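# Fold and geometry: a report
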Amino acid sequence: MTKTRHSGGTTPQAPRKDAGLDRPGGALVSLTKKAGNGPAAGVGEIRHLGLVAALALLCAVGLITEPENFATSGNAVGILVLAATIGVITVGQTFVIIGGGIDLSVGSVMALASVWATTVATQSYGPAVMAMCAILVGTGSGVVTGLLISYGRMVPFIATLAMLVAARGLAQRMSDRRTQLIRPENDAIEALSTTKVLGLPLVVYIFAAVAAAGWVLLNRTTFGRRTFAVGGNREAARLAGIDVRRHTLLLYALSGFCCGIAAIIIMAQTTTGSSTHGDLYELDAIAAVIIGGTLLTGGRGTVAGSILGVLMFTLITNLFILNGLQTSDQLIAKGAIIAIAVLLQRRGLRSPG
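Each chain has its residues counted from 1, running along the sequence as written. The predicted origin of the model limits local features to residues at a pLDDT of at least 70 and limits the giving and counting of side-chain atom pairs to 80 or more, whereas totals for whole chains, interfaces and linings rest on all residues. The side-chain numbers reported here are obtained from all heavy atoms of the structure, hydrogens and water having been left aside.

### Overview of the overall build of the chain
For the purposes of this entry, the term helix denotes a DSSP run of H or I that reaches at least four residues, the term strand denotes a run of E that reaches at least two, and both are numbered from the N terminus. Across its full length, the chain carries 16 helices and six strands. Counting only residues that meet the buried cut, the chain has 48% of its 353 residues in that class. Sequence-distant contacts in the chain: of pairs separated by 6 or more residues, those separated by 24 or more amount to 76%. Here, Shrake-Rupley sampling with a 1.4 Å probe gives the accessible areas, and only protein chains in the shown set may cover a residue. By element, 64% of the accessible surface of the chain is carried by carbon and sulfur atoms, the whole surface being about 17,100 Å². Each residue is placed in one exposure class: buried if its accessible area under a 1.4 Å probe, protein chains only, is under 20% of its type's maximum, exposed if it is over 50%, and partly exposed if it falls in between. Two residues form a contact once any of their heavy atoms are found within 4.5 Å.

### Thoughts on helix α5 (residues 106–117)
Multiplying one less than the number of residues by 1.5 Å gives the expected span of a helix. With twelve residues, α5 should reach 16 Å at 1.5 Å per residue; the first-to-last C-alpha distance of 16 Å fits that figure. Taking burial as the measure, the twelve residues of α5 include eleven buried ones, the bulk of the element. Regarding α5, the residues found buried are V106, G107, S108, V109, M110, A111, L112, A113, S114, V115 and A117.

### A short note on unusual backbone geometry
In this structure, R153 takes a positive phi of about 60° despite not being glycine. Its location among the elements puts R153 in the loop between α7 (127–150) and α8 (156–175). Here R153 falls in the exposed class, since its relative accessible area comes to 67%. Residue L198 is not a glycine yet carries a positive backbone phi of 55°. Assignment of secondary structure puts L198 in the loop between β4 (196–197) and β5 (200–201).

### Notes on helix α10 (residues 202–219)
Here α10 contains 18 residues, and its C-alpha end-to-end distance of 26 Å stays within 8% of the 26 Å for a straight helix at 1.5 Å per residue. All buried positions along α10 are accounted for by V203, V204, F207, V210, A211, G214 and L218. The buried residues of α10 occupy one face: seen down the axis, they fall within an arc of 125°. Contacts made by the buried residues of α10 are with α4 (73–98), α9 (187–194), β5, α11 (222–232), α13 (244–270) and α15 (303–322). Read the arc as the range of directions from the helix axis to the C-beta atoms.

### Some thoughts on empty space enclosed by the protein
Only protein atoms enter the 1 Å grid used here, on which a cavity is any set of points holding a 1.4 Å probe that cannot leave and a pocket is any open set flanked by protein within 12 Å on both sides along at least five of seven lines; residues with an atom within 4 Å of a point are listed as lining. Grid points are joined across faces, edges and corners, and a volume is the space filled by probe spheres set on the points. Summed over the entire model, instances satisfying the criterion amount to one cavity of 30 Å³ or more. Here the largest cavity is characterised by a volume of approximately 40 Å³. Around the largest cavity sit D103, S105, V106, V109, S141, G142, T145, Y252, S255, G256 and C259, which together line it. Within the residue set of the lining of the largest cavity, elements represented by two or more residues are α5, α7 and α13. Among the elements that make up the lining of the largest cavity, the one with the highest residue count is α13 (four residues). By the convention adopted, Pro, Cys, Tyr, Trp, Phe, Met, Ile, Leu, Val and Ala count as nonpolar, Lys, Arg, Asp and Glu as charged, and the other residues, Gly among them, as polar. Considered class by class, the residues forming the lining of the largest cavity number four nonpolar, six polar and one charged.

### A closer look at the layout of surface pockets
By rolling a water-sized probe across the atoms, one finds the places where empty space is left. What the second largest pocket holds in volume is close to 550 Å³. Around the second largest pocket, the lining comprises 22 residues; the ones closest to its centre are L280, D284, T317, Q330 and K334. Only α4, α13, α14 (281–291), α15 and α16 (327–350) provide two or more residues apiece to the lining of the second largest pocket. Across the lining of the second largest pocket, the residue classes break down as 13 nonpolar, six polar and three charged.

### Focus: the nonpolar core
Residues belong to a common nonpolar core when they are buried Ala, Val, Leu, Ile, Met, Phe, Trp, Tyr or Cys residues joined through side-chain atoms within 4.5 Å. Membership of the largest hydrophobic core comes to 74 residues, with the highest contact counts inside it found for V88, F95, A134, M267 and M312. The biggest single contributor to this core is α13, with twelve residues. Setting aside residues up to four positions removed in sequence, A134 forms contacts with A113, A117, G260, A263, I264 and M267. A229, A237, I242 and V244 belong to the second-largest nonpolar core, a separate cluster that totals five residues.

### Comments concerning the packing of α4 against α15
Put simply, α4 and α15 touch, their axes get as near as 8 Å, and they point 140° apart. Taken together, α4 and α15 sit at an angle that is classed as oblique. As α4 runs across α15, the sense of the crossing is right-handed. When α4 is examined against α15, the residues N75, I79, L80, L82, A83, I86, G87, T90, V91, T94 and F95 are found in contact with a partner set consisting of V303, S306, I307, V310, L311, T314, L315, T317, N318 and L322. Partitioned by chemical class, the residues of the contact of α4 with α15 number 13 nonpolar, eight polar and no charged. Only the contacting stretch of a helix is used when fitting its axis, a line to C-alpha atoms as for every element, and angles between N-to-C directions run 0 to 180 degrees. Roughly parallel means an angle under 35 degrees; roughly antiparallel, over 145; roughly perpendicular, 65 to 115; everything else is oblique. Rotating anticlockwise by less than a right angle from the far helix to the near helix defines a left-handed crossing, while the corresponding clockwise rotation defines a right-handed one.

### Topic: the pattern of salt bridges
For this document, the term salt bridge refers to a Lys or Arg side-chain nitrogen within 4 Å of an Asp or Glu carboxyl oxygen. Scanning all chains against the criterion turns up three salt bridges. E185 serves as the salt-bridge partner of R183, at 3.8 Å between the closest nitrogen and oxygen. Residue R183 is classed as partly exposed on the basis of its relative accessible area, which comes to 33%. Look at E185 and you get exposed, because its relative accessible area is 52%. With a shortest N-O distance of 2.5 Å, E235 and R238 are connected by a salt bridge. Here E235 and its partner R238 are both found in helix α12 (residues 234–239), three residues apart, which amounts to about one turn of the helix.

### Looking at the packing of α11 against α13
Here α11 crosses α13 at 110°, and the two axes come no closer than 11 Å. Regarding the angle of α11 to α13, the classification is roughly perpendicular. Contacts from F223, R226, T227 and V230 of α11 reach α13 at V244, R246, H247, L250, L251 and L254. Residue composition of the contact of α11 with α13, grouped by class: six nonpolar, two polar and two charged.

Structure (structure tokens):
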């Protein structure tokens, strides 16, 4: 609070909203540093190196156990293609969790977007409208969830759980529990998966573009700084002039937007829209975010770490498939990795300094 001097004394004057928040040394920058985007950057870099080392170790395991099948360009491309869908979803999930929330509905929203975009009515307008429909449905679902949380004051876990159930149910109702095929005249959607540039399908470039855009948005914009501030301390962020409710709404809209893009990718890979798409994707996305170093309590995290987490889980899946191991063993391994990652986070938070 500043004071304005008058002849009769001093009168408190409220600070102007967002005044000086984005200037070097301003309140928002200070909040961001306290939230973990300042001195914690070195810790993040160390974690990234650890993830790269873990990826190298997994590659070594693949070379030892299945040298003929693992060390091929086709297998490497397959890993990237497999990572594309869940990777795009993970970028949106990263923003939500850094902002202090969680989104359990991403898999169901992606399924709903794919079903809506492949209905007979939507397909009659062509592939461009199909893609736009998927993005709008995903973003709209995120907006609804964001409204429930930010203005309806619902707990994120409950609100996103409700959207998970509702979106999956709506997808089943619209498709009558049937798989909807993309018509031959709309093969431009499928071309995203079959057309290759420099040996990589277009869906991999879409994944890379979303990851790069997410990194820039989180690390080089006011929106990113506000995300760290809101996740680190909502009340302090509000007092610093940030509209916390509006920002929370935007975070869930962004998550829904990423789900819409992921729906386009899954449609391109399977040439279908189905209510079964994205089953348990929310767990894979959250796991990748945690492995990447993002705190479940919010206020700290990186897009790069989340992408490394996606690649790590995708590589584990690839190794299990190549070695003919059961899916149940794969789930046990992933669960153990998640538990270890959370324990390491808790230990790091208790460490002094």
